[in-house]
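# Commentary on secondary and tertiary structure
Take a look at the letters that make up each chain.
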Amino acid sequence: MKEEAMEQEEAVRRALEDYYRAGKPPWDTGVTPPELVALVEPPGRALELGCGTGTNAVYLARHGWEVVAVDLIGEAVEQARAKAAASGAAVRLLRGDATRLDELDAPGPYDLFFDLSCYCGIPPHRRDAYAAGLTRRAAPGARLLMFGYGPEAFDDPISGVTADELRARFTGWDLADVTPGTNPVPTFWFTLRRHPEESARDPR
């Protein structure tokens, strides 16, 4: 079972690297989605999971947010650093695994987490770790804005996300909104909110 889990993680990494080697990844449109734009005020501290080439991290930073952004793929992080430098935006970019935040210098607490189709591609055995990592870093009342593909969008057995899964994995959070996307395959915008009485604990 452990070997199968490692194979799944490596397959995801290879697939992402292939997208960047081939050119522009399909999820990296270069345009900040209106769902994120709607949350830009008031600014606070944000952590982006799977930041790609940094379009949205730069957008938040230019609107007064203190931003940390994480991506698994080195090429993505390098492109994001170049984009941030060109725009003059102060973004702290980290190469690493969104399910292993304790290995990165990103202690929080954060007011906003943003995930543009990162979680939905994570192997199931790592998803509880993803949820736990965000929960430990969430300020009271923090929001998680997540875009994800439904399981029906893929032929493989590990990809996709549902509202029921998020309710089960994100204990201490409320699933405040689910809005279908406009893509030709099933997609959704999920908004989760950390219970206001809960407080983030420094995981270090």
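So, a few notes on the structure that sits alongside this text. (Residues numbered from 1 in each chain as written. Predicted model: local features only at pLDDT ≥ 70, side-chain atom pairs only at ≥ 80, totals over all residues. Heavy atoms only, no water.)

## Some points on the overall build of the protein chain
Here is the rule we go by: Each helix corresponds to a stretch of at least 4 residues labelled H or I by DSSP, and each strand to a stretch of at least 2 residues labelled E; elements are numbered beginning at the N terminus. Every radius of gyration here is taken over C-alpha atoms, with the globule rule written as 2.2 Å times N^0.38, N being the number of residues. Residue burial is assigned from relative accessible area. The probe radius is 1.4 Å, only protein chains are included, and a residue is buried under 20% of its type maximum, exposed over 50%, and partly exposed in between. The protein chains shown are the only cover counted for residues, whose accessible areas, like all others here, come from Shrake-Rupley with a 1.4 Å probe.
The secondary structure content of the protein chain amounts to six helices and seven strands. Overall, the protein chain shows an N-to-C arrangement of helices and strands of α-α-β-α-β-α-β-β-α-β-α-β-β. Scaling as 2.2 N^0.38, a compact globule of 204 residues should have a C-alpha radius of gyration of about 17 Å, and the protein chain matches this with 16 Å. Taken over the C-alpha atoms alone, the protein chain extends approximately 40 × 40 × 35 Å along its principal axes. Across the 204 residues of the protein chain, 49% fall into the buried class. When the accessible surface of the protein chain is totalled, it reaches about 10000 Å², and 52% of it is carbon and sulfur.

## Some words on the nonpolar core
Rules: Only buried Ala, Val, Leu, Ile, Met, Phe, Trp, Tyr and Cys residues count toward a nonpolar core, and they belong to the same one when joined by side-chain atoms within 4.5 Å. Between two residues, a contact is recorded if the distance between any of their heavy atoms is within 4.5 Å.
By size, the foremost hydrophobic cluster in this structure holds 30 residues, and its most contacted members are Leu49, Phe113, Tyr130, Leu144 and Phe170. Elements supplying a minimum of two residues to this core: strand E1 (45-49), strand E2 (66-71), strand E4 (110-116), helix H5 (127-136), strand E5 (138-149), helix H6 (163-169), strand E6 (173-180) and strand E7 (187-194). The contact partners of Leu49, leaving out residues within four places of it in the chain, are Val70, Ala98, Leu101, Phe113, Phe114, Asp115, Leu116, Cys118, Tyr130 and Leu134.

## Section: the sheet that holds E5
For clarity, the threshold we go by: A pair of strands is labelled paired if DSSP reports no fewer than 2 bridges between them. Lines fitted to the C-alpha atoms define the axes, with helices restricted to the stretch that makes contact. Angles between their N-to-C directions range from 0 to 180 degrees.
Strand order in the open sheet formed by seven strands is E3-E2-E1-E4-E5-E7-E6, with mixed pairing between adjacent strands. Strands at the two margins of the open sheet, each flanked by one partner only, are strand E3 (91-95) and E6. Going from strand to strand, the sheet's axes swing by 15° on average, the running direction of each strand aside. In this sheet, E2 lies alongside E1 in parallel orientation, the contact comprising five bridges. Looking across to E2, one finds that Ala46 is bridged to Val67. Strand contacts of helix H4 (residues 74-87): E2 and E3, with the helix running at about 170° to E3, the strand carrying the most contacts.

## Some points on the pairing of E5
Each regular strand carries side chains that alternate between the two faces of the sheet. Rule in force here: Call a crossover right-handed when, viewed with both strands pointing away from you, the route from the first strand across the helix to the second goes clockwise.
With 10 of 12 residues buried, E5 is to be regarded as a mostly interior element. Bridge count between E4 and E5: six bridges; the pairing is parallel. Bridge assignment links Asp115 to a residue of E5, and that residue is Met146. Since E4 and E5 lie parallel, the crossover through H5 that links them has a hand, and here it is right-handed. Inspection of the sheet shows E5 paired to E7 by seven bridges, in the antiparallel sense. Pairing of Arg143 across the sheet is with Arg193, part of E7.

## Here's the deal with helix H1 (residues 2-22)
Selection criterion: Helix span, as expected, comes to 1.5 Å for every residue beyond the first.
The terminal C-alpha atoms of H1 lie 30 Å apart, and with 21 residues this matches the ideal 30 Å at 1.5 Å per residue to within 8%. Taken from the residues just after H1, Gly23 is the one with a positive phi, measuring 130°.

## Some details on the pattern of salt bridges
Side chains that differ in charge, positive against negative, can pair when their charged atoms come close. Note the following rule: Only one rule defines a salt bridge in this text: a Lys or Arg side-chain nitrogen within 4 Å of an Asp or Glu carboxyl oxygen.
Inspection of the entire model under this criterion finds 14 salt bridges. Through salt bridges with shared partners, a single network forms among Arg127, Asp128, Glu165 and Arg169.

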